[in-house]
Structure formats: structure tokens, C-alpha cells
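Notes for the structure review
Letter by letter, the chains look like this.
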Amino acid sequence: MVYCSIRMDVLTSLNPSQREAVETTSGPLLIIAGPGSGKTRVITNRIAHLVTSCGVSPSNIMAVTFTNKAAREMRLRIQEIMGSACAGLTVGTFHAICCRILRTDGKAVGLSPGFVVYDDDDQINLIKQTLQELKLDPKQYSPRSIQSSISAAKSRLLTEQTHAESVSSYFEEIVQRVYQRYQSLLSLSDAVDFDDILLKTVHLFQANPDVLARYQEQYVHLLVDEFQDTNMAQFELVKLLAGKHRNLCAVGDPDQSIYSWRCADVRNLLSFNNEYPDATVVMLDQNYRSTKTILKAATQVIASNTLHKEKDLWTENAEGKPVVMSECLNEKDEAQKVIAIIDKLVQRDGLSYGDCAVLYRINAQSRALEEGLMRFGVPYRLVGGTRFYRRQEIRDIIAYLRVVHNAHDSISLARIINTPGRGIGQGTLTRLQTRASENGESLYDALSYTAKRTDLAARASNALSRFLALIDGIIERSQELALPELIEEILVRTSYRAYLMERDDGEDRWENVQELKTVAADYADLAPREALPMFLEKVSLVSDTDEMNGASDVVTLITLHQAKGLEFPAVFMIGMEDGVLPHRKSFDDPAAMEEECRLCYVGMTRAQKYLFLSRAHRRNLFGNGLANPPSRYIERISPDILTARGLWGEDDVDLSGALYTQPLAYGVSDEEFRVGDWVYHKKFGQGVVMDCFPDKNDLVITVSFEDSGPKRLLLSLAHLDKIERFDSMP
DNA sequence: CGAAAGGCTCTTTTT
DNA sequence: GAGCCTTTCG
């Protein structure tokens with residue numbers, strides 16, 4: 001009975017190609033899934049189908065995603081369909097799954113089960129230390145570029161040995177030297193970086209056929225989402241795992257490949273058939289998300305890409321409103337126009353704030369928006385600002401916890417050795433690091449040796465001994481304390497609160513620390529020995545605090561990259577300028593330019609009903625003003641589906657039907673008010689007209705005042721005087 | 001040692 | 001306009 005209803009649900013509501021994707025259960029399968037084509041439904045239904053109709057045990061299925069959020073959502077959706085029947089399913093990110101494999105079987109590649117994972121900040125610190133040791137100038141060889149070279153090498157499965165053979169430039173030679181030393185420092189700290197997690201898993205499988213065979217037998221069915229974002233190491237891993245049963249389902253869209261700068265290789269998707277000539281290919285080309293107009297505009301933008309595989313996206317959705325392109329004076333004007341439109345969508349078109357999202361190329365663009373939204377009292381959330389686990393105070397506490405877990409974690413020890421300040425300066429730290437490096441020991445070893453010597457300057461020696469006692473004391477207590485108490489112990493013993501409170505924003509930071517304790521409370525009931533490693537694993541593989549409550553009704557500010565996979569009824573793409581989108585750093589690289597175009601495509605296809613584009617004639621970025629030409633993507637959109645809105649809003653009148661149906665200028669006696677006019681009010685001072693529309697015999701004017709923010713006023717009562725002022729916002 | 005001051009750089013950032 | 005680094009001085 002249960003099975004029957006599941007089956008109905010699984011198969012009846014799918015279109016023919018979705019159905020084919022779900023029902024093709026054996027052999028390699030490639031699903032090309034255009035934006036809004038019901039990809040997630042296909043994936044989840046396919047898994048449900050495997051279990052309920054084909055009798056596959058959930059424990060024989062692995063589904064891989066790129067983000068924890070995607071993994072969580074996938075599991076949730078599967079649970080909705082199958083209930084508890086999905087127990088035992090492996091759903092996770094590449095990194096989480098590989099970490100688990102390495103904790104169990106990593107001994108074979110020289111890893112202890114307790115290894116820590118360094119994130120990219122730790123990596124940068126380690127590289128800086130390496131540069132110092134090798135007497136290389138970090139200005140000449142920026143730690144960031146070396147890090148990305150090492151990361152690129154690792155994602156191509158090049159170890160510090162095999163990389164040596166491919167060195168072909170002086171810079172690569174430098175990278176090679178750093179790579180070697182970097183790797184030995186990692187191993188001294190019993191640490192791996194993100195790339196190692198994949199690399200070492202591949203090596204584990206390659207060198208240990210018996211281990212590989214075990215996993216191959218367990219995972220009869222493999223499914224990989226966002227396949228266009230996989231790198232070589234990830235594809236290799238998947239090929240190994242699928243080596244026996246060959247039931248590999250790859251899902252992706254080459255047009256949404258926007259992470260090549262992170263070594264993602266879209267060829268994995270495009271040449272899937274070279275690896276698996278017998279693969280079934282299913283194209284999901286019906287779009288359920290956007291209006292015909294939006295889909296057409298997006299298709300026009302990407303059509304000229306050489307990498308674009310001709311596929312005809314189509315939809316049964318309504319024609320919809322034209323795409324709107326707004327010209328703005330500067331980024332403040334742009335923000336204001338966006339907010340004015342949002343206001344109208346909410347006031348007149350039945351949308352809510354949560355239906356609106358503003359998408360941009362670079363994070364710096366969010367600032368003008370935030371200022372505007374705050375000023376007008378519009379609620380918003382900024383996605384991915386400084387993320388929780390990136391905050392200094394959080395990283396400090398985690399560094400303490402890592403040292404407690406593994407005293408030989410030298411990067412974490414270096415971080416906290418003088419945080420809060422305890423008189424151990426750069427000089428002393430460098431001396432310790434030099435000693436450690438000369439003896440091939442950890443920083444902790446160097447510390448305990450040096451602290452016990454008496455022939456050192458008394459001040460430094462005292463400080464070191466006290467620090468050593470502090471750490472050892474906490475380590476001892478950690479045996480018996482539950483995780484939240486352990487954190488509390490660290491905070492108390494280091495007077496961390498007092499340290500934070502010396503800063504202006506200390507209060508906020510302290511709240512973050514309390515938040516960390518709340519997260520740790522989930523581990524309170526576990527034995528101290530187990531809780532700490534589990535907690536550290538979680539925080540090192542997690543990017544955000546569990547994605548803020550999606551329920552709140554607020555405008556979303558988000559980068560184009562982060563918006564991939566999301567959808568909103570109304571989307572605003574700001575900064576449609578050559579130099580911003582496409583970004584000027586991509587100008588001289590044709591491949592990068594195509595990626596910029598895909599980025600634009602990804603942004604446009606997030607929109608369900610309304611798509612607003614805008615550009616500023618002058619834009620202040622990083623202190624200096626720039627005049628960018630309009631984005632080259634604008635002219636690819638045919639005029640019949642694009643409404644241009646001039647600098648002063650003259651073209652607003654007929655803008656997208658219900659919007660802007662009211663003329664924007666009204667005469668009341670001899671005064672005339674238009675959006676953008678500056679006005680003076682006796683009590684509120686000066687402000688700018690955001691909106692006005694007639695009501696009975698009066699005129700309702702929304703004015704944003706410089707001092708008191710937005711106010712809705714009746715003209716007959718308000719006594720507004722027009723004033724001269726050219727800037728759109730102070 | 002560490003606070004203060006000045007110089008430099010700034011695309012995107014799933015783990 | 002912020003964050004990070006180096007330099008300088010007490």
C-alpha cells in the first residue's frame with residue numbers, strides 16, 4: 001500500500017525526460033539539467049525509485065553534493081518522499097564523505113585518525129611561515145597565488161613529488177619548493193588541507209585495491225550533483241568508486257559552470273561520454289521557473305558562447321513582463337531605484353520582501369544597497385558577508401580547542417600563543433618556529449623545550465612558561481569537562497571576555513562566542529573524548545551557521561556565485577556594466593569572459609516573474625569613481641522584451657504593466673513633484689521623493705529624509721517645498 | 001614588545 | 001573604505 005502510493009507519486013507527476021532520468025537505473029547516466037528544470041525532483045525521485053521500486057538498499061546508494069546545505073536539503077526532500085525508508089543513505093559533500101573514509105582507512109596513506117583539517121586561512125598562514133623559512137619575499141610571491149597554485153596542483157592529483165616533474169617556469173619552481181616544505185609542515189601538525197582530503201582519498205584507493213573494493217561493493221549506485229563543478233580529483237574519485245558497478249549518475253549544466261577559477265573542469269561533464277561511451281544522456285529542457293520573456297532574454301545572452309551546447313529551453317509559463325533596464329546616476333541612485341521598485345512590488349503587486357533578491361558581481365557592491373535599505377527601513381539579509389566561522393573571535397576559540405585536541409597543531413598554536421596578548425611577540429615566536437623547523441619538531445615541542453630553559457631573557461621565558469602551563473592545564477581539564485564547559489574554561493582562563501571588551505565592537509564579538517557555545521551545547525552529552533573531535537570536524541567542514549532561518553520575510557542580497565541554485569519571484573541584477581559584469585579582470589582571457597557570461601546567465605535564470613537590470617553611469621568602487629559602459633550582455637537582449645528606463649525615469653510610465661501605472665509627476669497648485677526631487681519639510685528637514693501617487697483628492701508622497709529616513713506623507717498636510725539639489729542622495 | 005601610523009591592494013570563495 | 005602588512009618609536 002505504502003509502496004504503491006510512493007510509486008504513483010514518484011512517476012506520475014514527471015514529464016517524459018524527467019521520467020526517463022528517474023527510470024534509467026543501471027549503467028552510466030548523464031543528466032543535463034537546465035535552470036529550473038526540476039533537477040532536484042528528478043534526483044530525489046530517482047533515489048526513491050531505486051529503493052522502493054528496484055529494491056536497492058539505501059545503504060548501497062551514495063549521493064554527492066558540493067555544499068552542506070545542498071546535502072541537507074537533498075536528504076530532507078528524500079525523507080519527505082520516503083520517510084524513514086531512506087535510513088542508511090549516504091548523502092554528503094565530497095569533503096565530508098572523503099573525511100569519513102580517511103578517518104577509517106587513512107592509516108594506509110599515513111594519516112592518523114585524529115587529523116585536523118586546515119581551511120584556506122590556515123593554509124595561507126602556513127604558506128607565509130614556509131616563505132619565511134625559505135627566505136622568500138611574500139611581496140614577490142604572494143601567499144595567495146602560491147596557495148592557489150598548490151591547490152591547482154592538488155586538484156590535478158599532483159603530489160609534491162609528481163608536481164616536481166611538471167615544473168616549467170621559475171614561478172612553478174618556487175611553488176614546488178614551497179609545496180614540499182608546506183606538505184611536511186602539514187604532516188608535522190597532523191593536519192591536511194581541503195585539497196588533501198580528496199587527493200589522499202584517491203591515493204588511498206589507487207594504492208589499496210582491497211580498500212577500494214570494499215567501497216565499490218558498498219556503493220552500488222552513485223549520484224553526483226552539480227557535475228560541471230567537479231575537478232579532476234573529484235572525477236577520478238567518482239570513477240574509482242563507480243569502477244565496479246558503473247551505476248554513475250552525473251547531473252549538471254555546462255551553462256552554469258562558474259567555478260573554473262576554483263579548478264572546476266567543465267570538461268568532466270562535456271566529455272562524460274569519452275569516459276563512458278555507453279552512457280545514457282537525458283536532457284531536461286522544460287523550465288518550470290521563469291516567464292517566457294525571462295527565459296528568452298537569458299538564452300539570448302548566452303547564445304553566443306562557444307562553449308554553449310545548443311539546447312532549447314522552453315516553458316509553458318506565461319509570457320510575463322518585459323525585462324527592465326534602469327539607468328542610474330551612481331551606485332546610490334541605483335540602490336534607491338532598486339528600493340523604490342521593491343517598495344512598489346510589495347505595496348501594489350502583492351509580493352513580499354522575501355520574494356526579492358538583489359544579485360551582484362562583487363561583494364563591495366552590497367554596501368550602497370545596505371545603506372539604502374537601512375535608511376528606508378527595508379528588512380534584508382546579506383548572504384555570506386563575514387561568515388560565522390571566519391570571524392576572528394570564533395577562530396581564536398576554535399584554535400584553542402584544536403590545540404587541546406592536538407597540541408602539535410602548530411598553526412593553531414601560533415594563532416593563540418599571543419591571543420590575548422601575553423608578552424610573546426613576533427621575535428619570540430619566530431625563534432620558536434626556527435627551532436621547531438631545525439629539529440623537525442612541532443611548535444609545541446619547541447615551546448616546552450624553550451620554556452624550561454633558564455638562559456633566556458627572563459621576561460620571555462616567564463611568559464612562555466606561563467603559556468605552557470595554561471595550555472597544559474586546559475588539556476588536563478579537557479579530559480573531564482563536557483564541551484560547553486571546556487569552552488567556558490578556556491574563556492575564563494584566558495580572560496577572553498576582557499580581551500574582547502577592549503574593542504569597540506567587543507559586545508558583538510562576545511555574542512558570537514556565546515553563539516559558538518550554543519552550537520557546542522549539541523555535543524554536551526557526549527564523552528569529552530568524543531565530543532571534541534566531532535565538533536572540530538563539523539566546524540572545519542561547515543561554511544555557515546545553519547543557513548539563517550529562511551522563513552523571515554526580508555530582501556536577499558547575494559553574489560551571483562552564491563545565488564546559483566536559488567530562485568526568487570523578483571530578481572535585481574545591479575552593476576550591469578562592462579568592468580563589473582563582465583569583470584574587467586576577465587577582459588583579456590576569452591575563457592574567463594565566457595564564464596562571466598555564464599554568470600550573467602545564472603543570475604537571470606534565478607528570476608521567476610520579474611527581472612530588473614541596472615547600471616550606474618558613475619560608480620564608486622574602492623574610493624575612486626569609474627564611468628563604465630553598459631554591459632555587453634544588455635545589447636544581446638532583443639528590444640521587444642527589454643524596457644529601458646532612462647536616467648530620470650521618463651520611461652517608467654508603461655513599465656511592466658501593473659508597475660508604474662501611475663504617472664510619476666503630479667501638479668498640485670503650481671508645485672510639481674517628481675521622483676528624485678529634493679524637498680524640504682519643516683520638521684524632518686530635507687529629503688528625496690521616492691514615490692508619489694494620487695489618493696482621493698490628495699497626493700501620497702513617500703519622502704526619504706536625510707535624518708529620519710522614509711516617511712509617507714499627504715501633500716495637503718505636509719507643506720513640502722522643492723529645493724535645489726542635484727545629487728540623488730547625500 | 002606592542003601601539004600607532006602609513007602604504008598597499010582589493011573578483012568570484014561550494015569545502 | 002577596510003584589512004593587512006611593514007615600519008617606527010617609546
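Residues numbered from 1 in each chain as written. Chains lettered and ligands numbered in written order. Predicted model: local features only at pLDDT ≥ 70, side-chain atom pairs only at ≥ 80, totals over all residues. Heavy atoms only, no water.

Considering the overall build of chain A
Counted only if it meets this: We count a stretch as a helix when DSSP gives it H or I for four or more residues in a row; a strand needs E for two or more, and each element gets its number in order from the N terminus. Exposure is judged per residue with a 1.4 Å probe applied to protein chains only, and the accessible area is read against the type maximum: over 50% gives exposed, under 20% gives buried, and values in between give partly exposed. Residue contacts are counted whenever heavy atoms from the two residues lie within 4.5 Å of one another.
Assigned secondary structure in chain A consists of 29 helices and 26 strands. Counting only residues that meet the buried cut, chain A has 56% of its 730 residues in that class. The long-range share in chain A, meaning contacts at least 24 apart out of those at least 6 apart in sequence, stands at 74%.

Some points on the confidence of the model for chain A
We apply this condition: Per-residue confidence from the predictor is reported as pLDDT, which spans 0 to 100.
When pLDDT is averaged along chain A, the result is 87, and 89% of the positions lie at 70 or above. Taken together, the stretch residues 650-670 has pLDDT below 50 and engages in 47 contacts with residues farther than four places along the chain or on a different chain.

Topic: unusual backbone geometry
For the bond running from T419 to P420, omega is -5°, close enough to zero to count as cis. Assignment of secondary structure puts P420 in the loop between α19 (410-416) and α20 (426-439). Cis geometry marks the peptide bond from L581 to P582, where omega comes out at 5°. Looking at where P582 falls in the secondary structure, it is placed in the loop between β15 (568-573) and α28 (590-604). At R246, a residue that is not glycine, the phi angle is positive and equals roughly 60°. With respect to the element layout, R246 can be found in the loop between α12 (232-241) and β7 (248-252). Relative accessible area serves as the criterion here: at 30%, R246 is assigned to the partly exposed category.

Observations regarding the packing of helix α6 (residues 120-133) against α20
Inclusion rule: To get an axis, fit a line to the C-alpha atoms, keeping to the stretch in contact for a helix; angles then go from 0 to 180 degrees between the N-to-C directions. By definition in this entry, angles of less than 35 degrees are roughly parallel, angles greater than 145 are roughly antiparallel, angles of 65 to 115 are roughly perpendicular, and the rest are oblique.
Running from N to C, α6 and α20 cross one another at 75°; their axes reach a closest spacing of 11 Å. Between α6 and α20, the crossing angle belongs to the class labelled roughly perpendicular. Facing Q129, Q132 and E133 of α6, the residues of α20 in contact are Q426, T430, Q433 and S437.

Things to note about the packing of aromatic side chains
Operational definition: A pair of aromatic rings is counted whenever rings of Phe, Tyr or Trp (Trp by its six-membered ring) have centres within 6.5 Å, and the orientation is called stacked for planes under 30 degrees apart, edge-to-face for over 60 and tilted otherwise.
For the coordinates displayed, the defined rule picks out 13 aromatic pairs. Relative to F272, the ring of F227 lies with its centre 5.8 Å away and its plane at 90°, an arrangement referred to as edge-to-face. Placement of the pair is F227 in the loop between β6 (221-224) and α12 and F272 in helix α14 (residues 272-275), with a sequence separation of 45 residues. In this pair, the class of F227 matches that of F272, namely buried. Where F572 meets F612, the ring centres are 4.8 Å apart and the plane angle is 15°; that geometry is what we call stacked. One end of the pair, F572, is in strand β15; the other, F612, is in strand β16 (residues 607-616), and 40 residues separate them in sequence. When sorted by exposure, F572 lands in the same class as F612, which is buried.

Considerations on the environment of R395
Note on placement: R395 falls in helix α18 (residues 392-405). Distance from R395 to S412, taken between C-alpha atoms, is 9.0 Å for residues 17 residues apart in sequence. Those residues in contact with R395, other than ones at most four positions away along the chain, are D119, D121, D122, Y389, R390 and R415.

Points about the protein's contact with DNA strand C
Applicable threshold: Being near a molecule or strand, for a residue, comes down to having at least one heavy atom within 4 Å of it. Two N or O atoms form a polar contact when they lie within 3.5 Å of each other; inside protein one atom must be a possible hydrogen donor and the other a possible acceptor, and for residues adjacent in sequence the pair counts only when both atoms belong to side chains.
Close contacts around DNA strand C come from K128, R367 and F622, and that covers them all. In the model, a base oxygen of DNA strand C is placed 3.3 Å from a nitrogen or oxygen of the F622 main chain.

Thoughts on helix α2 (residues 16-23)
Rules: What the arc describes is the spread of directions from the helix axis to the C-beta atoms.
Along α2, the residues that are buried comprise S17, Q18, A21 and V22. When α2 is viewed along its axis, its buried side chains cluster within an angular range of 140° and face the same direction. Two to three positions downstream of the cap, the backbone nitrogen of S17 sits 3.1 Å from a side-chain oxygen, assigning the N-cap of α2 to N15.

Here's the deal with the sheet that holds strand β1 (residues 29-33)
The criterion, for reference: Any two strands are treated as partners once DSSP identifies two or more bridges connecting them.
As summarised here, the arrangement of the 6 strands in space is β3-β2-β6-β7-β1-β8, forming an open sheet in which the pairing is parallel. The outermost strands of the open sheet, each flanked by one partner alone, are β3 (90-93) and β8 (280-284). This sheet shows a mean twist of 15° between the axes of neighbouring strands, independent of strand direction. As paired strands, β1 and β8 are joined by 5 bridges and run parallel to one another. Bridging across to β8, L30 finds its partner in V281. Set on the sheet, α2 makes contact with β1 and β8; between it and β8 the angle comes to about 145°.

Comments concerning the pattern of salt bridges
As a reminder of what qualifies: Between Lys or Arg on one side and Asp or Glu on the other, a salt bridge is scored when a side-chain nitrogen of the former is within 4 Å of a carboxyl oxygen of the latter.
A complete count under the given rule lists 37 salt bridges for this structure. Across the pair R103 and E537 runs a salt bridge, and its minimum N-O distance is 2.4 Å. Here the residue R103 occupies a position in helix α5 (residues 94-105), and E537 occupies one in helix α26 (residues 528-540), the gap between them amounting to 434 residues.

A few points about the pairing of β6
For clarity, the cut-off: A clockwise path from the first strand over the helix to the second, with the strands pointing away from the viewer, defines a right-handed crossover.
With burial as the criterion, each face of β6 is covered, one bearing H221 and L223 and the other bearing L222 and V224. Examined bridge by bridge, strand β2 (residues 61-65) and β6 share 4 bridges and lie parallel to one another. The residue of β6 that forms the bridge with V64 is V224. Across 3 bridges, the pairing between β6 and β7 is parallel. Looking across to β7, one finds that L223 is bridged to C249. What joins β6 to β7 is α12, and the crossover it makes is right-handed.

Notes on the nonpolar core
Burial of nonpolar side chains together is a common tendency in soluble globular proteins. Convention followed: By nonpolar core is meant a set of buried Ala, Val, Leu, Ile, Met, Phe, Trp, Tyr and Cys residues that side-chain atoms within 4.5 Å join together.
The biggest cluster of nonpolar side chains holds 62 residues, and the ones touching the most others in it are I146, I150, V178, I197, F205, L248 and F272. Considering each element in turn, this core owes the most residues, 7 residues, to helix α9 (residues 170-188).

Remarks on the pairing of β7
When you tally the buried positions in β7, you get 5 out of 5 residues, the bulk of the element. Both faces of β7 are covered, namely the face carrying L248, A250 and G252 and the face carrying C249 and V251.

What about the state of the cysteines?
As a reminder of what qualifies: Disulfides are defined as pairs of cysteine sulfur atoms found within 2.5 Å of each other.
Enumeration according to the criterion identifies 0 disulfides in this entry. Unpaired in this structure, C600 has its nearest cysteine sulfur neighbour in C597, at a distance of 6.4 Å.

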